[in-house]
Amino acid sequence: MARQRVLYEVSKQKNHRMNGQLTMRINKPRTSKMSVAKVQTISDSIGSIFDKRSLAQQILDIQSVYLQSTVPWVIMTSLGKDSTATLQLIWSAIEALPAKLRKNHLYVVAGDTLIELPAFAARIDSILMQVNVSAKTKGLPISAHKTIPAVSDRMWTCVVGRGYGMPTARFRWCTSRLKSTPNERFVKDHIVKSGQVVMVLGVRSAESAARAASIKKHRIDSTFSRSATMPGALVYTPISDWTTDDVWTYLLQVQSPWGASNRDLLALYRQASTAGECPIVVGDIGKGQACGNSRFGCFPCTVSSGNQSLLNIVDQEPWMEPLWDIYEWLRETTKPERKLEFREINATPSIVAQKKQRQDGSAIPGRYKLNFRKKLVRRLLEIQRDLRRDSPYPGLTLIDDEQLRAIRYLWWVDGLDDGTYIPQIYHEVTGTNLSCANDPVTDAYLLEKPMQLTQVSLAGFQSSLDLT
């Protein structure tokens, strides 16, 4: 059984049938000359959102919500398929409005955990720069920003500096520190300034039963949901009813308005997919191999039992094998039967540990042992050095200098080291000196430094970026 999907292109025609095809308005009536969407269709499998509401109607819905709001919009994006589709949909709706009605600024916010897969980390900077260039050129009230975690919350500050065990499904401390907190900090800053924001998220009920339940639980009305962590924010999820198929069909048939290639995004997903996982084929993309449901995670992610995306990519990009080796090593440290090889015995258990004291009296693992942490920081620096030389990413950074200096300070405060090991290993591996003072205490400020927010620079970018 076939279904109808829509592909639109903006034109300046009236809202009526022309040459046997239905054209539909994009703009609100009586605001300016009408922009319309010419609706075309392709056949696909059953269940599309476009059977219920055409893309042109969804554009109108977004415009209506935008025109009724009086506060800034914050579009939270991971730049994966769902959030890219959301950003593209919002952009198209706003761009179709006359300039005088584009009254609310749109902040495009992407978080970089600093441990992303190299290709995806590069994509974050590239896309945000393209968004800024295109928005400026078109005179749109849109600016792109990148958040990164505070130094004290970054992965290696926590694992190497403080000795935290790598995250697991039962203790997933990384998500809030690396992703949620930096982005929420941005939103809260704007809530303070404006009193309220509309936070746009690319979440879909079809992702999982848990996601569907969460969307339903926080729903206020047919348009907005409550934010679970930010009372001043209204959450808007324009693709909540879309399927994975809907997302890919839209992305592959509607050109990115800021000039990026959505087929490049598909290629990243295909690279991360297991053979046979990809559920859709559109046009000449894949001859049966186009992909849809892959997920990108941080390269050392130990939360799941296997980092399948990383493994699939390594199979095709052998230069990334050292990242897989680091992941496997770290995963071994989370296995219950091996924890005490890598971690100290917790002589003073936390409140949580006290509540879960083992009835058999066996030791409760505490922080990572210093020897393991020293080996880890050396290995990270060695891989970073080698990949800068041998990979397509000469600027690749696995562990940044701020984290190294914070680690040195934490070891010194804990009495584990006199402040010499980190500069020593850095020099041994890189042949250069770590930029830091002789006295570790001078780096104490790094642990008080707030999360960073950057507006991606346009300087020198337009000449090297092909926006055609």
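Caption draft 1: Focus on the pattern of salt bridges. Throughout the structure, instances matching the rule amount to 22 salt bridges. The partner of Asp189 in a salt bridge is Arg185, and the shortest N-O contact between them spans 3.1 Å. Here Asp189 and its partner Arg185 are both found in helix H5 (residues 174–194), four residues apart, which amounts to about one turn of the helix. When salt bridges with common partners are traced through the structure, they connect Arg154, Asp400, Glu402 and Lys449 into a single cluster.

Caption draft 2: Looking closely at the confidence of the model for the protein. Scored by pLDDT, the protein has a mean of 78; 74% of the residues are at 70 or more. Of the regions scoring below 50 in pLDDT, residues 275–292 engages in 40 contacts with residues more than four places distant in sequence or in other chains.

Caption draft 3: Just the packing of aromatic side chains, in detail. In total, this model carries 16 aromatic pairs according to the counting rule given. Note on Trp324 and Tyr327: the rings are 4.9 Å apart at their centroids and 45° apart in plane angle, and the pair reads as tilted. Separated by three residues within a single helix, Trp324 and Tyr327 lie in helix H10 (residues 321–332), roughly one turn from each other. For the pair Trp324 and Tyr327, one class covers both residues: buried. Residues Tyr409 and Trp412 carry aromatic rings whose centres are separated by 6.1 Å and whose planes lie at 40° to one another, so their mutual orientation is tilted. Of this pair, Tyr409 and Trp412 are both found in helix H14 (residues 401–413), three residues apart, which corresponds to roughly one turn of the helix. In this structure an aromatic cluster arises from ring pairing among Tyr66, Trp73, Phe224 and Tyr236. A cation over an aromatic ring shows up here: Lys103 above the ring of Tyr66, its NZ or CZ 5.4 Å from the ring centre.

Rules used throughout
- Residue positions are given per chain, counting from 1 as you read along its sequence in written order.
- The model is predicted, so local features are restricted to residues of pLDDT at least 70 and side-chain atom pairs to those at 80 or more, both for listing and for counting; the totals for chains, interfaces and linings are taken over all residues.
- The basis for the side-chain values is all heavy atoms of the structure; hydrogens and waters are excluded.
- Any carboxyl oxygen of Asp or Glu that lies within 4 Å of a side-chain nitrogen of Lys or Arg is treated as forming a salt bridge with it.
- Numbering of helices and strands runs from the N terminus, with a helix taken as a DSSP run of H or I at least four residues long and a strand as a DSSP run of E at least two residues long.
- Predictor confidence is given residue by residue as pLDDT, running from a minimum of 0 to a maximum of 100.
- Only heavy atoms matter for contacts: two residues are in contact if any of them lie within 4.5 Å across the pair.
- Here a pair means two rings of Phe, Tyr or Trp (six-membered ring of Trp) with centres within 6.5 Å. Their orientation is stacked below 30 degrees between planes, edge-to-face above 60, and tilted elsewhere.
- Exposure is judged per residue with a 1.4 Å probe applied to protein chains only, and the accessible area is read against the type maximum: over 50% gives exposed, under 20% gives buried, and values in between give partly exposed.
- Remark: a charge is flagged as sitting over a ring if the NZ atom of Lys or the CZ atom of Arg is within 6 Å of the ring centre and within 35 degrees of the ring normal.

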